[in-house]
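# Overview (structure and organization)
Residue strings, one per chain:
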Amino acid sequence: MKTLDDLLAEGVTGRRVLVRADLNVPLDGETITDDGRVRASLPTITRLAEAGARVVVAAHLGRPKGAPEAKYSLAPVAARLGELLGREVALATDVVGESAKATVAGLADGGVALLENVRFDARETSKDAAERDALATEFAALADAFVSDGFGVVHRKQASVYEVAAKLPAYAGGLVLAEVEVLRTLTGDPARPYVVVLGGSKVSDKLAVIESLLPKVDAILVGGGMCFTFLAAEGLGVGDSLLEAEMIDTCKRLLAEHPEKILLPADVVIADAFSADANTHTVLAANIREGWKGLDIGPITVERYREVIAGAGTVFWNGPMGVFELAPFAEGTRGVAEAIVAADAFSVVGGGDSAAAVRLLGLPEDGFSHISTGGGASLEFLEGKDLPGVSTLEG
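Quick caveat: nothing in here was measured; it's all calculated off a predicted structure.

### Some words on the pairing of strand β1 (residues 16-20)
In terms of residue burial, β1 counts as a mostly covered element, since four of its five residues are buried. Note that β1 and strand β4 (residues 54-58) share five bridges and pair parallel. Among the inter-strand pairings, R16 is bridged to a residue of β4, identified as R54. Looking at chain direction, β1 and strand β7 (residues 145-148) are connected through four bridges and run parallel. Of the residues in β7, the one forming a bridge with R20 is S148.

Shown next, in the form of structure tokens:
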């Protein structure tokens, strides 16, 4: 596939370059609570702007229903991107309409513009390929070249990700290239032992990647809400903890097929309410009380997981160990993350909540070999699925 380096070698001064970035950041009103994805987009945008390109950034935010919604406007993102770049970022008030055309036309060499949320146009995510293609044609009219740099969306066939790449000279941005190289390391011949740390809410969300990874890894350390369905599969009571009853038989099968690979919590932190002010206790996994819910793994489990991680050659982490946003339930995630940092291993944080936890808990980002910007895309890659936004660059 052609890369950003190839585009820069061809020369970009005065050329309009459409960059599909992943700027889907969490907001509290109009305040960005984690700007990690904005920061991750900076290298590609900066290199293009400094080389004299007229940079047109396309991105989405949240899940609007195919029409403008004020709460999903990219205005706060444009402001933050401008602060980080040290230059004004012009924001179009529409996706490909008159404002977008005028905003792009007004760019000088080295200028940067941001189109409004691409999901304000229903064609972006339409299941009708012809509708997506029509929107991609309008995107292409705004640019002379396309750079795919939003790894968090490359697993989707969407107009600004997939179809537009066939309508313009297309290149992989530095972020997408780095992500693909890292994940190919994990699916190739990773250093052993290969340890996967999986958390998050539901077994059903991670079942495909669990099924795919179990034959390939040396250990899967389970935490988060999903661990309680596994514990129930072992015959333990889980109180009011998150439970997918319909997945218990599946968990029983996985445990029977790979008893030596799947490690479950030995103790958990339970609470009488989902609240930072709740009453809490740390109990053995076999002693979860009726009416109480597990919201984090306990210290015995952290230590056991730490020992496994310490001996690893490769670690892939996707999903927090507990409700890390609430202080009483953050120590499991913190302890496991610190163990990964301390390990002499090639370590990959699989985006999403795991990456957010690294920043929220104040852990050193450079303590990990790689922090992915695309949780869903990372998991689908590891499952062996085709990523349309990558395959179109390779084709």
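### Things to note about the pattern of salt bridges
Oppositely charged side chains are able to pair whenever their charged atoms sit close together. Tallied over the entire structure, the rule returns 24 salt bridges. With its nearest N and O atoms 3.2 Å apart, the salt bridge here joins K167 to D133. Of this pair, K167 sits in the loop between β7 and β8 (170-172) while D133 is found in helix α5 (residues 129-140), placing the two residues 34 residues apart along the sequence. When the shortest N-O distance is used, the salt bridge between E380 and R156 registers 3.7 Å. Of this pair, E380 sits in helix α13 (residues 375-382) while R156 sits in the loop between β7 and β8, placing them 224 residues apart in sequence. E380 sits in the buried class, given a relative accessible area of 15%. The exposure class assigned to R156 is partly exposed, which follows from its relative accessible area of 38%.

### A few points about the side chain of D267
Along the polypeptide, D267 turns up in strand β12 (residues 267-271). A distance of 2.7 Å separates the side chain of D267 from the side chain of T301, its partner in a polar contact. Apart from the residues within four sequence positions on either side, D267 is in contact with T282, V283, L284, A285, I297, G298, P299, I300 and T301.

Parameters at a glance
- Residues numbered from 1 in each chain as written.
- Predicted model: local features only at pLDDT ≥ 70, side-chain atom pairs only at ≥ 80, totals over all residues.
- Heavy atoms only, no water.
- Buried < 20%, exposed > 50% of the residue type's maximum accessible area, 1.4 Å probe, protein only.
- Helix = DSSP H or I, 4+ residues; strand = E, 2+ residues; numbered from the N terminus.
- Pairing = 2+ DSSP bridges.
- Salt bridge = Lys/Arg side-chain N within 4 Å of Asp/Glu carboxyl O.
- Polar contact = N/O pair within 3.5 Å; in protein donor to acceptor, adjacent residues only side chain to side chain.
- Contact = heavy atoms within 4.5 Å.

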